[in-house]
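These are the residues of each chain, in order.
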Amino acid sequence: YQWLEISEGRPGIFVVVVPASSAAALQGSEGAAALEAIAEDTGVEVVLEEELIGGTDDLPPRIEGALGPTVAAAGRVGDLLQALADAAGDASALPGLSPPATPP
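None of the values given here were measured: they were computed from a predicted structure. (Residues numbered from 1 in each chain as written. Predicted model: local features only at pLDDT ≥ 70, side-chain atom pairs only at ≥ 80, totals over all residues. Heavy atoms only, no water.)

1. Some points on the overall build of the protein
And step 1. Assigned secondary structure in the protein consists of 3 helices and 5 strands.
And step 2. Put simply, the protein runs from its N terminus to its C terminus through helices and strands in the order β-β-α-α-β-β-β-α.
And step 3. Among the 104 residues that make up the protein, the fraction classed as buried is 30%.
And step 4. Across the protein, the fraction of contacts at a sequence separation of at least 24, relative to all contacts at a separation of at least 6, is 61%. (Helix = DSSP H or I, 4+ residues; strand = E, 2+ residues; numbered from the N terminus. Buried < 20%, exposed > 50% of the residue type's maximum accessible area, 1.4 Å probe, protein only. Contact = heavy atoms within 4.5 Å.)

Here it is as structure tokens:
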């Protein structure tokens, strides 16, 4: 926010970079509900973009709002992604993702 010269209390945009494979889980019903809850709880807008960041396999969830709430929401999105990663062995916990392959 300082780099963008956005003053305290003014809305700005915070972008979190998420691998497309994780974004699929965020697009599932549980992930979408979690993002909606984060937005509602923090008073920001959370939008999962549909296009990859050029030259990458990453999707950017965009968080818009005042500095404090956007930082809080970004932290909660990070926590959500960590929970999804921790549950990677259980496909039912990851809507839109497959469990890791098991060696033959």
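Here the narrative resumes, following the displayed structure.
2. Re the side chain of Thr-70
And step 1. By the secondary structure assignment, Thr-70 is in helix H3 (residues 67–86).
And step 2. Here the side chain of Thr-70 touches Leu-67 through a polar contact of 2.9 Å, landing on its backbone oxygen. (Polar contact = N/O pair within 3.5 Å; in protein donor to acceptor, adjacent residues only side chain to side chain.)

3. A word on the confidence of the model for the protein
And step 1. The predicted model of the protein averages 74 in pLDDT, with 70% of residues at 70 or higher.
And step 2. The element-level mean pLDDT for the protein is lowest in strand S1 (residues 12–15), coming to 67, with helix H2 (residues 29–42) highest at 88.
And step 3. Segment residues 91–104 is flagged for pLDDT under 50; beyond a separation of four residues in sequence, or across chains, it makes 24 contacts in the model. (pLDDT = per-residue confidence, 0-100.)

4. Let's talk about the packing of H2 against H3
And step 1. One way to put it is that H2 packs onto H3 with a least axis distance of 9 Å and a crossing angle of 155°. Here H2 lies roughly antiparallel to H3, going by the angle between them. By crossing handedness, the relation of H2 to H3 is classed as right-handed. Facing H2, whose interface residues are Gly-31, Ala-34, Leu-35, Ala-37, Ile-38, Asp-41 and Thr-42, H3 presents Pro-69, Ala-72, Ala-73, Arg-76, Val-77 and Leu-80.
And step 2. Grouping the constituent residues of the contact of H2 with H3 by class yields 9 nonpolar, 2 polar and 2 charged. (Axes fitted to C-alpha atoms, helices over the stretch in contact; angles between N-to-C directions. Parallel < 35°, antiparallel > 145°, perpendicular 65-115°, else oblique. Left-handed = near helix turned anticlockwise from the far one by under 90°. Nonpolar A, V, L, I, M, F, W, Y, C, P; charged D, E, K, R; others polar.)

5. Here's the deal with the environment of Ala-85
And step 1. Its location among the elements puts Ala-85 in helix H3.
And step 2. A C-alpha to C-alpha distance of 8.1 Å links Ala-85 and Ser-22, two positions 63 residues apart in sequence.

6. Quick word on H2
And step 1. The end-to-end C-alpha distance of H2 is 20 Å, a good match for the 20 Å that 14 residues give at a rise of 1.5 Å each.
And step 2. Turning to H2, its buried residues are Gly-31, Leu-35, Ile-38, Ala-39 and Thr-42. Buried residues along H2 cover an arc of 95° about the axis, so they all sit on one side. Turned more than 90 degrees away from the buried face of H2, the exposed residues are Ser-29, Glu-36, Glu-40 and Asp-41.
And step 3. On its buried face, H2 is in contact with helix H1 (20–27), strand S3 (45–48) and H3.
And step 4. With its phi angle positive at about 80°, Gly-43 sits one or two positions after the end of H2. (Expected span 1.5 Å × (residues − 1). Arc of directions from axis to C-beta.)

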